[in-house]
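If you want the building blocks of each chain, they are given just below.
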Amino acid sequence: MATTPFRGRKKGEKLDPLPQRLARLGLVRDWDFILHLPLRYEDETKIVPIARLIPGESQQCEGQVLRCERIRRPSGEQLQAVISDGTGNLVVRLLHFYPSQVKQLAAGSTVRLYGPVREGFLGLEMVHPKIKTALLGAKLPTTLTPVYPAGEGITQTWLRKRIARALFDVEIKELMPASLLQKLQLPGLPQALNTLHHPPVGADLQALSERTDPAWQRIKFDELVAQQIALRRSRELKATKVAPVIATARQPLTERLLQSLPFQLTRAQRRVLDEIGQNLAKSTPMNRLVQGDVGSGKTIVAALAATMAIDAGYQTALMAPTEILAEQHYEKLSQWLQPIGVRIAWLAGKQKSRERQENLSAIADGSAQMVIGTHALIQESVHFHRLGLAIIDEQHRFGVAQRLALREGNQEQTPHLLMLSATPIPRTLAMSYLADVDVSVIDELPPGRHPVTTKLVSLSRKRELLDSIAQQVAQGRQVYWVCPLIEESEKLDLTAATETFKEISSYLPNLSVGLVHGALPPEQKQAVMQSFKDGRIDVLVATTVIEVGVDVPNASLMVIEHAERFGLAQLHQLRGRVGRGAAKSFCILLYGELSETGKQRLKVIRESNDGFEIAQRDLEIRGPGEFLGARQSGIPLLRFADLQRDAALVETARDFAAQWIRLDPESATKHVKRWFSASEAFLGA
Ligand code: ADP
Ligand code: MG
């Protein structure tokens, strides 16, 4: 592989100690290293004569340096060497280089090169090949060279050595019962691991890279079996826990809340509430996920579940992933619950310490019956008096550990858990990922909702769009303008949003334009949202902070810039911010460059207003790994197997796990530990 000397670290900046860097990759014990499998391989088993090198492929050759010079280019100084092996010449180019590399490539020395070959200006060349000072006649490796997933400050050479040592030190015992394994046409574990770490010359590289090789099948199977055993264990563990029994018949607060509502519950809402009620009445803790499209009315269902618990003398906690969303819940629930006499406490990260203290003591002495907040709810300083029900909104935005923390608290009894999500998990995934979660679906929108009309518009027509926005605003409409998410960088997000804000403000000087993003202090965020709600802002430029839950009925137009960069589920959520009022609503997806898949995906959004269908299509187009993201799953994530592609293996693994536990529970536990020890805490999730 080409190596670059730049590691993305600023000069003088220190790296974390090695164990920490490794831990971030999940590499702690020997078994973690053994199960750290290559991404791909390099073939250093043969030396190709320069004349026979094929452009476009990574190959190895060896030769003598004829000359080596530094060349000035506008982009900086390059090092350019010409190598010959008697059959032809090859140019080696280093766009940046160290003194040690100048020495290696000194005229007259013999070097062994590995890297992608390309057609250059002066003939064949390699840019940043791997360079070894060749000892003529030195033996070539007899197996392919693995390339492992690595991280900052961890070199391939080090990883290779460390993994090889783990493979040597540890006796790789077959844990699976032979009687069960026999029926499957899979290679043995030691053999599979050896093949994957060090494939012999002549191995089927394509099957290895597509992960269809029998060795891969075996590893994926082991991983799936571990996951299935973990799931079963977590279900058993849960069955031993005791939750408060909350009788749901004739409850005064619940009745009064129902009577005070300005609307009737939809049939779907009533059904889901009923399902929740049945769980609450039992002493096994509820573990229920309510899925409902944006706007389907999950909040009132949560509020009614809360009054059921409060009626029975228990506290309810509601945790939301962002400050904006938590505040909105606080507002809405106060509106509903305060008139009927429920005492509500509020906890958020940035809160005055006195206010916080007051709330904390109200939570601890039980005078706060309903507690609403962000992650602040799971800080150590929070002690519930008698938590009976924990509600988590937008559950997929939380990590497993965080969801657990709210439920565990410091109780003798385990509170019931209710999770809400507008991002539907397709049934195929739900079966495996959420095997121990009951799912309720609100599959009906309240009456009077208008479907949102969605249009695709090229970014090149942004100005036209802005002109038409000016007209719409003149007719009393309000507009959301969503700026794209830039991979892994909130700072860049912010720059993009700020620039868009400036651009729109100066292009439409007569409109009132606002800006809201995650980095604003909460009061300011709230103030901007309030202005937008009150109609004092016409166009609200926002990052995805408005993705969930924000409710401004008069906003009927949403523009999403660089829509191709968003996930489909996310686009659908964003779009759900409009279509909440009387006016006909539109969503404009502004796209930049579109790949074929990109086109397909945006078409799905244009053609469907159904969150479940969209999620299903997204899954088909992108595959479940990306769809779920690391945080959505409730159990250890799969590294190698793919629930969709390896569906047949999943079935086999499920039966296998059941039989194994019956046959030999101890070795089954050992197997899970091999795979998931780093995330052991999750097994009880
Ligand atoms: P989501 O499911 O996206 O969280 P919300 O709970 O925020 O949706 O509900 C969206 C809006 O619909 C809220 O203003 C809520 O008060 C209202 N609503 C909820 N249920 C009904 C209903 N049955 N009839 C009319 N309006 C409803
Ligand atoms: Mg909501």
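Anything mentioned here points back to the structure above.
These numbers were taken from a predicted model, which means no experiment stands behind them.

**Some points on the overall build of the protein chain**
Right, on to step 1. Along its length, the protein chain carries 24 helices and 21 strands.
Right, on to step 2. Taking all 685 residues of the protein chain together, the buried fraction comes to 53%.
Right, on to step 3. Of all intrachain contacts in the protein chain linking residues separated by at least 6 positions in sequence, the fraction that spans at least 24 positions is 76%.

**Quick look at the site of ligand 1**
Right, on to step 1. Taken together, 18 residues sit near ligand 1, with Gln264, Gly295, Lys298, Thr299 and Arg449 positioned nearest.
Right, on to step 2. Note that a nitrogen atom of ligand 1 is positioned 2.8 Å from one of the backbone N or O atoms of glutamine 264.
Right, on to step 3. Notes on ligand 1: free accessible area 560 Å², of which the protein chains cover 85%.
Right, on to step 4. Secondary-structure elements contributing two or more residues to the shell around ligand 1 are α11 (298-311) and α12 (323-337).
Right, on to step 5. Broken down by class, the residue content of the shell around ligand 1 amounts to five nonpolar, seven polar and six charged.

**A look at the packing of α11 against α12**
Right, on to step 1. The geometry of α11 relative to α12 is characterised by a closest axis approach of 11 Å and an angle of 55° between their N-to-C directions. In terms of orientation, α11 lies oblique with respect to α12. Crossing hand, α11 versus α12: right-handed. Residues Thr299, Ile300, Ala303 and Thr307 of α11 pack against His329, Leu333, Trp336 and Leu337 of α12.
Right, on to step 2. Split by residue class, the contact of α11 with α12 holds five nonpolar, three polar and no charged.

**A few points about the side chain of aspartate 646**
Right, on to step 1. Structurally, the position occupied by aspartate 646 is in the loop between α22 (624-632) and α23 (647-663).
Right, on to step 2. A residue is classified by how much of its surface remains accessible, and aspartate 646, at 8% relative accessible area, is buried.
Right, on to step 3. For aspartate 646, the residues in contact, after removing those within four places along its chain, are Lys220, Phe640 and Ala641.

**Considering the pairing of strand β10 (residues 315-319)**
Right, on to step 1. Buried residues dominate β10, accounting for five of its five residues.
Right, on to step 2. Of the two faces of β10, the one holding Gln315, Ala317 and Met319 and the one holding Thr316 and Leu318 are both buried throughout.
Right, on to step 3. For β10 and strand β13 (residues 387-392), the ladder comprises five bridges, and the chain directions are parallel. From the neighbouring strand, leucine 318 faces β13, where its bridge partner is isoleucine 391.

**A closer look at the sheet that holds strand β11 (residues 344-347)**
Right, on to step 1. Strand order in this open sheet of seven strands is β11-β12-β10-β13-β14-β9-β15, and the pairing throughout is parallel. Across the chains shown, the open sheet's two edge strands, defined by having one partner strand only, are β11 and β15 (438-442). Each neighbouring strand pair of the sheet contributes to a mean axis angle of 20°, computed without reference to strand direction.
Right, on to step 2. In this sheet, strand β14 (residues 416-421) lies alongside strand β9 (residues 287-292) in parallel orientation, the contact comprising five bridges. What sits directly across from valine 290, in β14, is leucine 420.
Right, on to step 3. Contacting β9, β13, β14 and β15, helix α10 (residues 267-280) crosses the sheet at an angle of about 160° to β15.

**A closer look at the sheet that holds strand β18 (residues 513-516)**
Right, on to step 1. Read across the sheet, six strands follow the order β16-β21-β20-β17-β19-β18 without closing on themselves; strand pairing throughout is parallel. The open sheet has two edge strands, β16 (453-458) and β18, and neither has a second partner. Neighbour-to-neighbour, the strand axes of this sheet turn through a mean angle of 20°, independent of strand direction.
Right, on to step 2. Together, β16, β17 (478-482), β19 (539-542), β20 (555-560) and β21 (586-591) form the strand contacts of helix α16 (residues 462-474), whose direction differs from that of β17 by roughly 150°.

**Some remarks on the nonpolar core**
Right, on to step 1. Within the largest apolar cluster, 50 residues are counted, with the highest numbers of intra-cluster contacts made by Leu193, Ile219, Val225 and Trp660.
Right, on to step 2. Those elements that place two or more of their residues in this core are α2 (30-34), α4 (156-169), α5 (178-181), α6 (189-197), α8 (214-239), α23 and α24 (665-676).
Right, on to step 3. By residue number, the principal contributor to this core is α8, which donates nine residues.
Right, on to step 4. Those residues in contact with tryptophan 660 that sit more than four places away from it in its chain are Leu175, Met176, Pro177, Leu180, Val225, Ile229, Pro665, Ser667, Ala668 and His671.
Right, on to step 5. One finds Ile246, Val301, Met308 and Leu318 within the second-largest nonpolar core, a separate group that totals 42 residues.

**Let's talk about the pattern of salt bridges**
Side chains that differ in charge, positive against negative, can pair when their charged atoms come close.
Right, on to step 1. Evaluation of the coordinates by the stated rule reveals 27 salt bridges.
Right, on to step 2. Residue aspartate 222 pairs with arginine 218 through a salt bridge whose shortest N-O separation is 2.7 Å. Of the two residues, aspartate 222 and arginine 218 both sit in helix α8, four residues apart, roughly one turn of that helix. Summarising the burial analysis for this pair, aspartate 222 and arginine 218 share the class buried.
Right, on to step 3. Arginine 354 is the partner of glutamate 358 in a salt bridge, and the nearest nitrogen-oxygen pair spans 3.3 Å. One end of the pair, glutamate 358, and the other, arginine 354, are both in helix α13 (residues 353-364), four residues apart, so they sit about a helical turn from each other.

**A word on the environment of proline 146**
Right, on to step 1. By secondary structure assignment, the location of proline 146 is in strand β8 (residues 145-147).
Right, on to step 2. Residue classification places proline 146 among the buried residues on the basis of a relative accessible area of 4%.
Right, on to step 3. Between the C-alpha atom of proline 146 and that of leucine 196, which follows or precedes it by 50 residues, the distance is 8.3 Å.
Right, on to step 4. Sequence-distant contacts of proline 146, defined by excluding residues within four places in its chain, comprise Pro38, Arg40, Tyr41, Gln156, Arg160, His197 and His198.

Each value, and the rule that gives it
Residues numbered from 1 in each chain as written. Chains lettered and ligands numbered in written order. Predicted model: local features only at pLDDT ≥ 70, side-chain atom pairs only at ≥ 80, totals over all residues. Heavy atoms only, no water. Helix = DSSP H or I, 4+ residues; strand = E, 2+ residues; numbered from the N terminus. Buried < 20%, exposed > 50% of the residue type's maximum accessible area, 1.4 Å probe, protein only. Contact = heavy atoms within 4.5 Å. Near = heavy atom within 4 Å. Polar contact = N/O pair within 3.5 Å; in protein donor to acceptor, adjacent residues only side chain to side chain. Areas by Shrake-Rupley, 256 points an atom, 1.4 Å probe, with all protein chains shown as cover. Nonpolar A, V, L, I, M, F, W, Y, C, P; charged D, E, K, R; others polar. Axes fitted to C-alpha atoms, helices over the stretch in contact; angles between N-to-C directions. Parallel < 35°, antiparallel > 145°, perpendicular 65-115°, else oblique. Left-handed = near helix turned anticlockwise from the far one by under 90°. Pairing = 2+ DSSP bridges. Core = buried A, V, L, I, M, F, W, Y, C linked by side-chain atoms within 4.5 Å. Salt bridge = Lys/Arg side-chain N within 4 Å of Asp/Glu carboxyl O.

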